[in-house]
Amino acid sequence: MDRAVCCVGGFFLLCTVATAIVKGQGGGVNPVSKAAVSDARAAQPFDVNAAVEAYLAKMPASERARSNAYFEGGYWLLLWDFLSTVLVMWVLLRLRCSTRMRDVAERITRFRPLQTGIYWVQFIVVTSLLTFPMTIYEGYFREHKYGLLNQTFGPWMRDQLVGLAVVTVLGGILIVPLFRLVRRLEKNWWVWGAIVSLLFLAFVSLIAPVYISPLFNKYTKLQDARVRDPILSMARANGIPATDVYEFDASRQSNRVSANVSGFAGTMRISLNDNLLNRCTLPEIETTMGHEMGHYVLNHAYKGLVMNGVVIVIGFAFASWGIGWALGRWRESWGVRGMSDVAVLPLAVIVFSVYFFLTTPVGNTITRTMEYEADMYGLNAARQPDGEANVDLLLGEYRKMDPGAVEEFIFYDHPSGRTRITAAMRWKAENLETASPEEMARPIFEAK
Ligand SMILES: [Zn+2]
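Residue numbering note: each chain is counted from 1, following its sequence as written. Predicted model: local features are reported for residues with pLDDT of at least 70 only, side-chain atom pairs are reported and counted for 80 or more only, and whole-chain, interface and lining totals are derived from all residues. Excluding hydrogens and water, the side-chain figures rest on all heavy atoms present in the structure.

Visitor: In this structure, what is going on with the packing of helix α6 (residues 112–130) against helix α8 (residues 153–185)? I would like to understand it.
Guide: A packed helix pair is summarised by two numbers, namely the angle formed by the two axes and the spacing between the axes. Axes here mean lines fitted to C-alpha atoms, for a helix over just the part in contact, with angles spanning 0 to 180 degrees between N-to-C directions. Every helix listed is a DSSP run of H or I at least four residues long, and every strand listed is a run of E at least two residues long, numbered separately from the N terminus. Direction vectors running N to C along α6 and α8 enclose 135°, while the axes themselves pass 9 Å from each other. One finds that α6 runs oblique with respect to α8. In terms of crossing hand, the pair formed by α6 and α8 is right-handed. Within the contact between the two elements, α6 uses R112, P113, T116, G117, W120, V121, I124 and S128 and α8 uses L164, V167, T168, G171, G172, I175, V176, F179, R180 and R183. Residue polarity is assigned by list, with Asp, Glu, Lys and Arg as charged and Ala, Val, Leu, Ile, Met, Phe, Trp, Tyr, Cys and Pro as nonpolar; anything else, Gly included, falls into the polar class. In terms of residue class, the contact of α6 with α8 is built from nine nonpolar, six polar and three charged. To sort the angles, those under 35 degrees are grouped as roughly parallel, those over 145 as roughly antiparallel, those from 65 to 115 as roughly perpendicular, and the leftovers as oblique. Note: crossing handedness is left-handed where the near helix turns anticlockwise from the far helix by less than a right angle, and right-handed where it turns clockwise. Any two residues having at least one pair of non-hydrogen atoms within 4.5 Å are treated as being in contact.

Below, the structure written as structure tokens:
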């Protein structure tokens, strides 16, 4: 849908809502008619389950089958990614490519941190080439197959190369001090290793909105007052010190709707993508922004850092043990001198991959729990349960709507569509007096 049309549509919808509220209040002057309305509501209680099923039924069977196939395929990709990473790293060790890259670095310079850096650049280039078949299948062909990627090969490849450059620079910033720690501290390196890694994660999330995201998308100030003003008003009502709303061209990559509230004090910004603006009505935009504001107000960035911090500390302890164990067995055949030899890196990647593969449900549950909290916050802040249900249907384009409980626990980093719509309809049932009117008529799935 054309954006202007959508915004105007959203505006008129808002007007309709406002008119309905004003009319409702007008009626409220007459106590008899208000009582009559309450009676009518009591006589016809809002059926949450029926409303949830009605929303889920809006998704055509073919759409649902496509979305299920895409998302369930992702479960297998977790396994294939894990196995292919382990295979590539094992090959680097077994064929002594890793020790050869270290030897090259040692021949170029005697300065230890620079040796680590030179090894790192070679490592990134070699592993990116070896895993490229997986990358291109997963990120390009598969996304196109499901109609989720808007890019042709050239721009997609450009994004990959920019991403690679970012990983090379940021990874170098992390890996050099990490190996210095291993050399200095020997046995207890993992404690400080975990702390350095956490500080690094905090640093990256601080700079990402201002320095990394703009490498992939163009950010501009949202000019349309009909969308900007209600968002800023909601931000003020929730204690968020934002003076501008940014729009970014996510449609460069895909049709996925999303938004975020990121940064701190000076870099604090609210951003929403052009897909959200193009495809959604104002109530839908508002409920999405309410969710994002929830992340900010509930301090999810810090809480996530603490909870993931626990996972990371245990991971480093596991890595210290796992690397030591494997070196005890295969050190000679791989030509790796020890824990402080940078050529040990492929082994470290294997051990961390095993750990993070096995703890997938833990990581997902940490994120999913905070996402659900943000959903609740968004419902209370925006008070648009039907807008929320409609957005949940849009997100169902790439996330299976109706999984089993165990499936959701293991694989979902956001609540499923069914969980979210159920929460929205329950909220609506219990807050009907102030909820917006029905929006069921809105067609979510337009002919493609
Ligand atoms: Zn979220």
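Visitor: Help me understand the coordination of the zinc ion, please; the structure alone is not making it clear to me.
Guide: A metal bound by six donors in octahedral fashion has ideal angles of 90 or 180 degrees, whereas one bound by four tetrahedral donors has an ideal angle of 109.5 degrees. Counted as donors are the N, O and S atoms within 2.8 Å of the metal, or 3.2 Å for Na, K and Ca, while water is not among the atoms, so some sites may look incomplete. Listed as protein donors to the zinc ion are H291 (NE2), H295 (NE2) and E371 (OE); their distances from the metal cover 2.0 to 2.1 Å. Within one chain, the residues serving as donors to the zinc ion are arranged as H-x3-H-x75-E. Taken together, the residues H291 in helix α12 (residues 282–297) and E371 in helix α15 (residues 360–382) connect sequence positions 80 residues apart. Accessibility assignment for this pair places H291 and E371 in one class, buried. Here the term buried applies to any residue with accessible area under 20% of the maximum for its type, exposed to any over 50%, and partly exposed to those in between, with areas from a 1.4 Å probe on protein chains only.

Visitor: In this structure, what is going on with the sheet that holds strand β1 (residues 219–221)? I would like to understand it.
Guide: Sheet strands pair via backbone hydrogen bonds, and the direction of the pair is either parallel or antiparallel. In this analysis, strands are considered paired if DSSP registers two or more bridges between them. The strand order β1-β2-β4-β3 describes an open sheet built from four strands, whose pairing is mixed. The sheet is open, and its two borders are formed by β1 and β3 (259–262), each paired with just one other strand. Shown here is a sheet whose adjacent strand axes are inclined to one another by a mean of 30°, direction ignored. Here four bridges tie strand β2 (residues 245–248) to strand β4 (residues 269–273), and the two strands are oriented parallel to one another. What sits directly across from Y246, in β4, is S271. Where α12 meets the sheet, its contacts fall on β3 and β4, and the angle it forms with β3 comes to roughly 30°.

Visitor: Looking at this model, I keep getting lost on unusual backbone geometry. Mind explaining?
Guide: Negative phi values dominate among residues other than glycine, just as trans dominates among peptide bonds. At R96, a residue that is not glycine, the phi angle is positive and equals roughly 60°. For R96, the position within the fold is in the loop between α4 (61–94) and α5 (97–108). The backbone phi angle of R383 is positive, close to 55°, even though this residue is not glycine. Its location among the elements puts R383 in the loop between α15 and α16 (385–395). Judged by relative accessible area, R383 falls into the partly exposed class, the value being 31%.

Visitor: Looking at this model, I keep getting lost on the pattern of salt bridges. Mind explaining?
Guide: Once the charged atoms of two side chains with opposite charge are near each other, the side chains can pair. The working definition used for a salt bridge is a side-chain nitrogen of Lys or Arg within 4 Å of a carboxyl oxygen of Asp or Glu. Applying the stated rule across the entire model yields 17 salt bridges. Between R256 and E143 there is a salt bridge, with the nearest N and O atoms lying 3.2 Å from each other. Taken together, the residues R256 in the loop between β2 and β3 and E143 in helix α7 (residues 132–145) connect sequence positions 113 residues apart. Judged by its relative accessible area of 24%, R256 falls in the partly exposed class. We note a salt bridge from R158 to D159, for which the minimum N-O separation is 2.7 Å.

Visitor: Is there a simple way to think about the packing of aromatic side chains in this case?
Guide: Think of a pair of aromatic rings as described by two things: how far the centres are apart, and how the planes are tilted against each other in angle. To pair, rings of Phe, Tyr and Trp, with the six-membered ring standing in for Trp, must have centres within 6.5 Å; the planes then decide the type, stacked if under 30 degrees apart, edge-to-face if over 60, and tilted in the middle. Evaluation of the coordinates by the stated rule reveals 22 aromatic pairs. The interplanar angle of 10° and the centroid separation of 3.8 Å between the aromatic rings of Y75 and F411 together place this pair among those described as stacked. With a gap of 336 residues between them, Y75 in helix α4 and F411 in helix α17 (residues 405–411) connect regions that are remote in the sequence. A relative accessible area of 15% places Y75 in the buried class. Centre to centre, the rings of F318 and W321 are 5.9 Å apart; their planes meet at 40°, and the pair counts as tilted.

Visitor: I tried to follow the packing of α8 against helix α9 (residues 189–212) on my own but got confused; where do I start?
Guide: Orientation of α8 relative to α9, taken along the N-to-C sense of each, is 160°, at an axis distance of 10 Å. The angle between the axes of α8 and α9 places the two elements in the roughly antiparallel class. The two elements α8 and α9 meet at a crossing, and its hand is right-handed. Listed contacts from α9 to V166, L170, I173, L174, L178, L181, V182 and L185 of α8 are W189, W192, G193, V196, S197, F200, V204, I207 and I212.

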